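Residues per chain, in single letters:
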Amino acid sequence: MKNYIDKVNTLLESFPYIKEFYGTTIVIKYGGNAMTDAELKKSFAKDLVLLKYVGINPVVVHGGGPQIDDILKKVGKESKRERGLRVTDEETMSYVEMVLVGQVNKEIVNNINLAGGKAVGLSGKDGNLIIAEKIFHQVDGEKIDIGLVGTAKEINAGLLRILEKDRYIPVIAPVGVDVLGNTYNINADTVAGKVAAALKAEKLILLTDVEGVKIKGDLASTMTKAQISKYIEDGDISGGMIPKTDCCVEALLGGVKKTYIIDGRVLHAVLLEIFTDAGIGTEIIN
């Protein structure tokens, strides 16, 4: 009997959060080990379906760096990066689009559908969802061309709202197109932040392969925008965590209420963050 009572208590703990977030949108950046481990993939899909059934609208933006690396290795093409961004010539872009849109995206959609949900896979080309703009590296004031790499300049939020209204879960590959029809590879964190801002999402959640943001070895449960700027300046936040925290800050500036960086290696990490008192990972707020 105690086990059943514990289950009821868990439901009761989640009830205030279900009530609070009913009808809201939550954008989730899906990447890292959560995309490659079979058990984690299934649990993530179930999490999304549960969110939809209790009246919360999840929107997924996914990465796919390791999968792209694998296909480039198979075809004998070298993977090059400049400051964390993939150097993307036309040939590389064709493989990036093939893997992100044709392989990774459809696998996620299939997993959600098998879990009892209704998912729709999209790239930035669908309904002009992501209008992109080419970016350059700046090194000592000089522009460095890294190919077909862009940023998300504009998001067609109307298309996503239509899908939400019809009870679909949008799954977005971070490939955009500019006004001339050129295709661009875009960082998935950047796209997730822009999508969250365009939808005025309640939450933006970034799934990573670390516990959250650590300062001098200790996990920070809550941080503000001002603290992040200071920690980056002091070197306490560095490397790959900088673009993730920057993404969260930009989303907050765009109208997102709260942002999170959490450990995607934990089963049902999304539900733990949304529906429990303690939560997991790092919360970044205004």
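In the block above lies the structure referred to throughout.
Criteria and cut-off values
- Residues numbered from 1 in each chain as written.
- Predicted model: local features only at pLDDT ≥ 70, side-chain atom pairs only at ≥ 80, totals over all residues.
- Heavy atoms only, no water.
- 1 Å grid on protein atoms, 1.4 Å probe; cavity = no way out; pocket = protein on both sides within 12 Å on 5 of 7 lines; lining within 4 Å.
- Points joined across faces, edges and corners; volume = space filled by probe spheres on them.
- Helix = DSSP H or I, 4+ residues; strand = E, 2+ residues; numbered from the N terminus.
- Nonpolar A, V, L, I, M, F, W, Y, C, P; charged D, E, K, R; others polar.
- Core = buried A, V, L, I, M, F, W, Y, C linked by side-chain atoms within 4.5 Å.
- Buried < 20%, exposed > 50% of the residue type's maximum accessible area, 1.4 Å probe, protein only.
- Contact = heavy atoms within 4.5 Å.
- Pairing = 2+ DSSP bridges.
- Axes fitted to C-alpha atoms, helices over the stretch in contact; angles between N-to-C directions.
- Salt bridge = Lys/Arg side-chain N within 4 Å of Asp/Glu carboxyl O.

K.L.:
How would you explain the layout of surface pockets if you had to name every residue and give the values?
P.N.:
Of the pockets and cavities examined, the second largest pocket occupies roughly 310 Å³. Lining the second largest pocket are 19 residues, and of these Lys-203, Lys-258, Tyr-260, Glu-273 and Glu-283 lie nearest its centre. Elements that contribute at least two residues to the lining of the second largest pocket include exactly helix H1 (2-21), strand E17 (258-263) and helix H9 (269-275). In terms of residue count, the dominant contributor to the lining of the second largest pocket is H1 (three residues). By residue class, the composition of the lining of the second largest pocket is six nonpolar, five polar and eight charged.

K.L.:
How would you explain the nonpolar core if you had to name every residue and give the values?
P.N.:
Counting residues in hydrophobic clusters, the biggest one holds 40 residues, and the most contacted among them are Ile-28, Ile-112, Ile-205 and Leu-207. Per-element accounting of this core gives the leading share, nine residues, to helix H4 (residues 90-114). Those residues in contact with Leu-207, other than ones at most four positions away along the chain, are Ile-28, Lys-29, Tyr-30, Gly-31, Ala-34, Phe-44, Ile-262, Gly-264, Ala-269 and Val-270. Counting 39 residues, the second-largest nonpolar core is a separate cluster that includes Ala-188, Ala-220, Cys-247 and Ala-251.

K.L.:
Now, about the sheet that holds strand E10 (residues 169-172): what can you tell me, with residues and values included?
P.N.:
The eight strands lie next to each other as E5-E10-E2-E1-E13-E17-E18-E16, forming an open sheet whose pairing is mixed. The sheet is open, and its two edges are formed by strand E5 (119-122) and strand E16 (222-224), each paired on a single side. For this sheet, the mean inter-axis angle between neighbouring strands, taken without regard to orientation, is 20°. With four bridges joining them, E5 and E10 adopt parallel strand pairing. Paired with Ala-119 across the bridge in E10 is Ile-169.

K.L.:
An account of the environment of Thr-245 is requested, with residue identities and associated values reported.
P.N.:
Structurally, Thr-245 is set in helix H8 (residues 241-253). We classify Thr-245 as buried; its relative accessible area is 0%. C-alpha of Thr-245 to C-alpha of Gly-63: the two residues are 182 residues apart in sequence and 17 Å apart in space. In this view, Thr-245 contacts Val-213, Ile-228, Ile-232, Ile-237, Ile-261 and Ile-284; residues no more than four positions away in its chain are not counted.

K.L.:
So what about the environment of Ile-186? Which residues, and what values?
P.N.:
With respect to the helices and strands, Ile-186 occurs in strand E12 (residues 183-186). Classification of Ile-186 by relative accessible area gives buried; the value is 3%. In this structure the C-alpha to C-alpha distance between Ile-186 and Gly-279, which are 93 residues apart in sequence, comes to 30 Å.

K.L.:
Let's hear about the pattern of salt bridges: which residues, and what values?
P.N.:
Pairs may arise between side chains of opposite charge once their charged atoms sit close together. Enumeration over the complete set of coordinates arrives at 16 salt bridges. Taking the shortest distance from any N to any O, the salt bridge between Glu-97 and Lys-125 comes out at 3.0 Å. Here Glu-97, found in helix H4, pairs with Lys-125, found in the loop between E5 and strand E6 (130-134); they are 28 residues apart in sequence, far enough to count as distant. Here Arg-161 and Glu-164 are joined by a salt bridge, their closest N and O atoms 3.0 Å apart. Taken together, the residues span about one helical turn, with Arg-161 and Glu-164 both in helix H5 (residues 157-165) at a distance of three residues. The network of salt bridges with common partners includes Lys-29, Asp-189 and Lys-244.

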